[in-house]
Amino acid sequence: MAKNGFTTTIVHSDRRASVEHGAIHKPMHPSSEYAFADSRELAAVFQGKAGFTYARQGTPTTAALESKISQMEGAAGTVSFATGMAALAATFFTLLKAGDHLISSQHIFGNTNSLLGTLADLGVSVTMVDATDERNVAAAWRPETRMVFTESLANPGTQIADLAGIGQWCKEKNLVYVVDNTLVSPLLCKTKEVGATLIVNSLSKHIGGHGNALGGAVTDTGLYDWSHYPNIAEPYRKGSPTSWGLTQIKKKGLRDMGGTLSSEAAHRLAVGAETLSLRMHKICANALALAQALAQHPKVAKVHYPGMPDHPQHERARQLFGGLFGGLMGIELADDIDVFDFLNRLKVLALATHLGDNRTLVLPMAHTIYYEMGPERRALMGISDNFLRVSIGIEDAQDLIGDFNQALA
Ligand SMILES: *Cc1c(COP(=O)(O)O)cnc(C)c1O
């Protein structure tokens, strides 16, 4: 059969895996444990054969969602987690050891930044670099470097890392290359094509899309030969070496750490995933229309959006994201506007801290997520008191533009 497109593949994914009774959705399996009619089969599944034993290591419902994520990323395999943070924690903690070195982009999600601090406390050295230029990543290399981490689009500054350049360099150096693809989603960024080893997605954001379930996933592109990686434990050095890394993440990440996705959440996320392409096209069109309108507005000092020609990585975004530019925007209001009064005048946008939702959400960064770090560090990061993070939703574009206009008037 000819390879189907993105949405056709996802909406028919469960059915093609022959669900019981012809159900078009994989059912929600709430069982904690799975019983076996044959003791030899029970032993085989415990010893590595595909199957289910105890729901901390996954259920048929989470497996059906994992298959959809793998198909979206064109990748070899996926393990799901309770949240995006659980997926990231499992990746770092199961693959890195004290004495190892990690190179990370400095433009990363705040909670991931905090997680890397915890990792450093446990003896992994972490170097943060400006990953919009591959040379900064290469300059940080040490003999103990094991892994490079970046996001495909950074929140809230919308910087875009040199994904392809870093991928090429990691390949030469035989390093594990981890890309958090959450903010553009697998629809926009074909992360396997830039040479990523592992792709992390917070399913809570665009993939679920409806703000009604949390989840995360780690996907192995199948490009990396894990026999080069020193930290794979002996029991997982079995079968094709391209699968060893994900086996270790699943075994240690789910079995030992237990941040498991529930079947109920997996079902909701899978239903959301069916419309990812439709929602993303609307979100990206809305975002571009709003960015263009606000860039002209006398009360707006600056718009940070990769779709605008003055964005520093505009050309890179065009090449990497298939002509779409995502739903994340940074907006700096003019100095003479009181940011709190402005926010209180909004009637359509929701004041809420989430991303990739059907609803457009807005947050004053200096007064919320970046409050703890203090004014000096905020200034270094380019976060002024009037900096708003906006996550664009699927509403009608004129309502979003109109809401800004009336609140700025
Ligand atoms: C939200 C987010 C996460 C964490 O996901 P949760 O599901 O909220 O734990 C990780 N990375 C990025 C880029 C995010 O935006």
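Reference entry: report on the structure contained in this document. Quantities reported herein were computed from a predicted structural model and do not represent experimental measurements. Residue numbers run consecutively from 1 along every chain, following the written order of its sequence. Where totals are concerned, whole chains, interfaces and linings use all residues; where local detail is concerned, this predicted model gives features only for residues with pLDDT of at least 70, and gives and counts side-chain atom pairs only at 80 or more. The side-chain figures draw on all heavy atoms in the structure; neither hydrogens nor water molecules are used.

**Digging into the layout of surface pockets**
Move 1: Definitions used for this entry: grid spacing 1 Å over protein atoms alone; cavity, a set of points where a 1.4 Å probe fits but cannot get out; pocket, an open set with protein on both sides within 12 Å along at least 5 of 7 lines; lining residue, one with an atom within 4 Å of a point. Grid points are joined across faces, edges and corners, and a volume is the space filled by probe spheres set on the points. A volume near 1000 Å³ is recorded for the largest pocket.
Move 2: Around the largest pocket, the lining is made up of 32 residues, and of these G48, K49, T247, K250 and K251 lie nearest the centre.
Move 3: What counts as a helix is a DSSP run of H or I of at least four residues, what counts as a strand is a run of E of at least two, and both are numbered from the N terminus. Within the residue set of the lining of the largest pocket, elements represented by two or more residues are α3 (39-46), α4 (60-73), β1 (77-81) and α10 (244-256).
Move 4: It is α10 that provides the largest number of residues to the lining of the largest pocket, a total of six residues.
Move 5: The space that makes up the second largest pocket amounts to roughly 530 Å³.
Move 6: Only α6 (110-121) and α15 (374-380) provide two or more residues apiece to the lining of the second largest pocket.
Move 7: Looking at the lining of the second largest pocket, the element that brings in the most residues is α6, giving four residues.
Move 8: Gly counts as polar in this scheme, as do all residues outside two lists: the nonpolar Ala, Val, Leu, Ile, Met, Phe, Trp, Tyr, Cys and Pro, and the charged Asp, Glu, Lys and Arg. Residues that form the lining of the second largest pocket fall into these classes: ten nonpolar, eleven polar and two charged.
Move 9: As used throughout, domain bounds are those supplied by an automatic or database domain assignment. Counting contributing residues per domain, the lining of the second largest pocket is built from domain 1 (6-273) and domain 2 (276-408), each supplying no fewer than three.

**Things to note about unusual backbone geometry**
Move 1: For the bond from N155 to P156, the omega torsion is 5°, close enough to zero to count as cis.
Move 2: Looking at the element boundaries, P156 is found in the loop between β4 (145-151) and α8 (163-173).
Move 3: The backbone of H21 shows a phi angle near 60°, a positive value even though the residue is not glycine.
Move 4: Relative to the assigned elements, H21 resides in the loop between α2 (13-16) and α3.
Move 5: Backbone geometry places N174, a non-glycine residue, at a positive phi of 60°.
Move 6: Tracing the backbone through its elements, the reader meets N174 in the loop between α8 and β5 (176-180).
Move 7: Exposure classes here rest on a 1.4 Å probe applied to the protein chains alone. A residue is buried below 20% of its type maximum, exposed above 50%, and partly exposed in between. Judged by relative accessible area, N174 falls into the partly exposed class, the value being 36%.

**Some thoughts on the site of the ligand**
Move 1: The nearness test applies per residue and asks whether one of its heavy atoms lies within 4 Å of the molecule or strand. Taken together, 14 residues lie near the ligand, and G84, D180, S202, S204 and K205 sit nearest.
Move 2: We define a polar contact as two N or O atoms separated by no more than 3.5 Å, with the added condition that, inside protein, one atom must be a possible hydrogen donor and the other a possible acceptor, whereas residues neighbouring each other in sequence contribute only through side-chain atom pairs. Between the ligand and S202, the relevant distance is 2.8 Å, taken from an oxygen atom to a side-chain nitrogen or oxygen of the residue.
Move 3: To be clear on the numbers: accessible area is Shrake-Rupley with a 1.4 Å probe, and residue cover counts the displayed protein chains and nothing else. Bound to the protein, the ligand loses 91% of the 380 Å² it would expose on its own.
Move 4: No other element matches helix α5 (residues 84-95), which puts three residues into the shell around the ligand.
Move 5: Class assignment for the residues of the shell around the ligand results in five nonpolar, six polar and three charged.

**Considerations on the sheet that holds β5**
Move 1: Strands pair, by our definition, only if DSSP identifies at least two bridges between them. Reading across from one edge, β1-β7-β6-β5-β4-β2-β3 is the order of the seven strands in this open sheet, with mixed pairing throughout. Among the strands making up the open sheet, the edge pair consists of β1 and β3 (125-129). Across the sheet, the axes of successive neighbouring strands diverge by a mean angle of 20°, strand direction being ignored.
Move 2: One ladder, built from four bridges, connects strand β2 (residues 101-105) with β4; its direction is parallel. Lines fitted to C-alpha atoms define the axes, with helix axes restricted to the stretch in contact, and inter-axis angles between N-to-C directions lie between 0 and 180 degrees.

**What to know about the nonpolar core**
Move 1: Buried Ala, Val, Leu, Ile, Met, Phe, Trp, Tyr and Cys residues form a nonpolar core when they are joined through side-chain atoms within 4.5 Å. Of all hydrophobic cores here, the largest spans 76 residues; its most connected members are V148, M329, I331, F342, L388 and V390.
Move 2: With eight residues, the single largest contributor to this core is helix α12 (residues 276-295).
Move 3: Both domains that meet at this core, namely domain 1 (6-273) and domain 2 (276-408), each give it at least three residues.
Move 4: Whether two residues touch is decided by their heavy atoms; if any such pair falls within 4.5 Å, the residues are in contact. Setting aside its immediate chain neighbours within four residues, L388 contacts M329, G330, I331, L333, V339, F342, L343, V362, L363 and P364.

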